[in-house]
Amino acid sequence: MQKGNLKSYLNLHLIVFIWGFTAILGALISIQADALVWYRMLFAAIFLFAFILFKKESFQIPTKEFFKLIFVGLLIALHWIFFFEAIHVSNVSITLAVFSLGAFLASILEPIFYGRKVLWYEVFFGLIIIAALAMILQVEINYFEGIMYALASIIIGVLFTLMNGKLIEKHEPSVITFYEFLAGVFFISIYFLFTNKFNVDFFILTTKDWIYLLVLSSICTAYAFTASVKVMRILSPYTVMLTTSLEPVYGIVLAYFIIGGKEKMSFEFYIGAILIVITVILNGVVKHYLTNKE
């Protein structure tokens, strides 16, 4: 492996590790999920604004594209609210296990967005993932509410990822993400105004929460995003996809050692989670093999 590729590959592993750590921070922050996402998107937008100024990039976006960004921003906000709510009502392990469904959902929705045919092996692997998730549901039924929140989150996450895939082709990722985060803050703020959630107590947080929020919005959001875009322009999509599949593994292992307690799951849960991750990786291997063969 060339030196440049090796550096990018190591950076990608660091980014995936950071993404896995995001769920840990969500569990450690004591405020409600919607408030957490409001702070995260606000601070991340500020960091991105500074980054765009530093890079001397243009903030100009065509009006038609701008309205698309507003809608995607709403989806991102809902995605993260459901994500952190899933962690709060269940735990990190359950949430990340369900998030492993992302690759399968993308394989189903991607043909609709990009007009390609459905691939038989993606459906086959998807059925295995559903069976593994059913195994988890059967033994961890107490976390049913968390599983539903996580499922809603990953479905919305796949939708805005596919939409962003088209937007990134025309615009700088940091610029469109900046506007999407601002849109998310706007929509959540409107909701808070109608529910009278903006009060003195809303802005009074513990020192730990402030620190965790700053780490979440800077390193785990603004930095991880811009760094991932740079890496994805060097490494092959196959390498990126395969490495990203390790995110649930990193997150579940970190949760076990950092949080402990309710993160210690049944033996059947870990069998199901491992089966999901292996299936996602096998899907990438088969896709890579068949693509090269063609």
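What this report covers is the structure whose coordinates are included nearby. Every chain begins its residue count from 1, and numbering advances along the sequence as written. At least 70 in pLDDT is required for a residue's local features to be given in this predicted model, at least 80 for side-chain atom pairs to be given and counted, and no such filter applies to totals for whole chains, interfaces and linings, which use all residues. Computation of side-chain values: all heavy atoms of the structure, hydrogens and water removed.

Below, the discussion takes up the overall build of the protein. Counting from the N terminus, the helices are DSSP H or I runs at least four residues long and the strands are E runs at least two residues long. Helix and strand content of the protein: 12 helices and 0 strands. Three labels apply to residues, based on accessible area from a 1.4 Å probe with only protein chains included: buried if under 20% of the type maximum, exposed if over 50%, partly exposed otherwise in between. Buried positions account for 46% of the 294 residues belonging to the protein. Any two residues whose heavy atoms approach within 4.5 Å are treated as being in contact. Pairs at least 24 apart in sequence give 88% of the contacts found in the protein among residues at least 6 apart. Areas reported here follow the Shrake-Rupley algorithm with a probe of radius 1.4 Å; residue values treat only the protein chains shown as occluding. If you sum the accessible surface of the protein, you get close to 15000 Å²; carbon and sulfur atoms cover 70% of it.

To continue, consider the packing of helix α2 (residues 33-55) against helix α3 (residues 63-89). Across the interface, α2 lies against α3 with an axial gap of 8 Å and an inter-helix angle of 130 degrees. The angle between the axes of α2 and α3 places the two elements in the oblique class. Every pair of crossing elements has a handedness; the one defined by α2 and α3 is right-handed. Along its contact with α2, which presents Ala-33, Asp-34, Leu-36, Val-37, Arg-40 and Met-41, the element α3 presents Gly-73, Ile-76, Ala-77, Trp-80, Ile-81, Phe-84, Glu-85 and His-88. Grouping the constituent residues of the contact of α2 with α3 by class yields 9 nonpolar, 2 polar and 3 charged. Axes, fitted as lines to C-alpha atoms, cover a helix only where it is in contact. Angles between the N-to-C directions of the axes lie from 0 to 180 degrees. Here roughly perpendicular refers to angles of 65 to 115 degrees, roughly parallel to angles under 35, roughly antiparallel to angles over 145, and oblique to all remaining angles. Left-handed describes a crossing whose near helix is turned anticlockwise from the far helix through less than a right angle; right-handed describes the clockwise counterpart. Residues are grouped as follows: Ala, Val, Leu, Ile, Met, Phe, Trp, Tyr, Cys and Pro are nonpolar; Asp, Glu, Lys and Arg are charged; all remaining types, including Gly, are polar.

Geometry of aromatic contacts follows a simple scheme: Phe, Tyr and Trp rings, the Trp one being its six-membered ring, pair when their centres are within 6.5 Å, and the pair is stacked under 30 degrees between planes, edge-to-face over 60, tilted otherwise. Summed over all chains, the structure comprises 25 aromatic pairs. Ring geometry for Tyr-39 and Phe-43: centres 5.9 Å apart, planes at 40 degrees, overall tilted. Of this pair, Tyr-39 and Phe-43 both sit in helix α2, 4 residues apart, which is roughly one turn of the helix. Centroid distance Phe-83 to Phe-84: 5.0 Å. Interplanar angle 65 degrees. Geometry classified as edge-to-face.

Where charged atoms from two side chains of opposite charge come close, those side chains can pair. Each salt bridge in this description consists of a side-chain nitrogen of Lys or Arg and a carboxyl oxygen of Asp or Glu lying within 4 Å of one another. On inspection of all chains with the given rule, the structure shows 2 salt bridges. Between Glu-65 and Lys-68 there is a salt bridge, with the nearest N and O atoms lying 3.5 Å from each other. Of this pair, Glu-65 and Lys-68 both sit in helix α3, separated by 3 residues, roughly a single helical turn. Owing to a relative accessible area of 36%, Lys-68 belongs among the partly exposed residues under this scheme.

Our focus in this paragraph is α2. Taking 1.5 Å of rise per residue, the 23 residues of α2 would be expected to cover 33 Å, and the 32 Å separating its terminal C-alpha atoms lies within 8% of that figure. Phi turns positive, to about 55 degrees, at Lys-56, one or two residues after α2. A helix is expected to span 1.5 Å multiplied by its residue count minus one.

What follows covers unusual backbone geometry. With a phi angle near 55 degrees, Lys-56 is a residue other than glycine that sits in the positive phi range. Among the secondary structure elements, Lys-56 is positioned in the loop between α2 and α3. Despite not being glycine, Asn-196 has its phi angle at roughly 55 degrees, a positive value. Looking at the element boundaries, Asn-196 is found in the loop between α8 (173-194) and α9 (207-232).

So, on to a nonpolar patch on the surface. Patch building starts from residues that exceed 30% relative accessible area and form no salt bridge, then joins like charges within 9 Å and nonpolar side chains (Val, Leu, Ile, Met, Phe, Trp, Tyr) within 5 Å. A cluster of nonpolar side chains, Leu-28, Val-249, Val-253, Tyr-256, Phe-257, Ile-258 and Ile-259, forms an exposed patch at the surface whose accessible area comes to about 600 Å². Ranked by residue count, the leading element in the nonpolar patch is helix α11 (residues 247-258), at 5 residues. Relative to the assigned elements, Val-249 resides in helix α11. A relative accessible area of 33% means that Val-249 is categorised as partly exposed.

So, on to the nonpolar core. Only buried residues count toward a nonpolar core. Its members are Ala, Val, Leu, Ile, Met, Phe, Trp, Tyr and Cys residues joined through side-chain atoms within 4.5 Å. Membership of the largest hydrophobic core comes to 79 residues, with the highest contact counts inside it found for Ile-31, Tyr-39, Met-41, Phe-84, Phe-181, Leu-213 and Phe-269. It is α2 that provides the largest number of residues to this core, a total of 12 residues. Not counting residues within four places of it along the chain, the set of residues in contact with Phe-84 comprises Thr-22, Gly-26, Ala-33, Leu-36, Val-37, Arg-40 and Leu-216.

Take α8 next. Its 22 residues place the ends of α8 32 Å apart at the C-alpha level, agreeing with the 32 Å of an ideal helix rising 1.5 Å per residue. Immediately downstream of α8, the backbone of Asn-196 shows phi near 55 degrees, a positive value.

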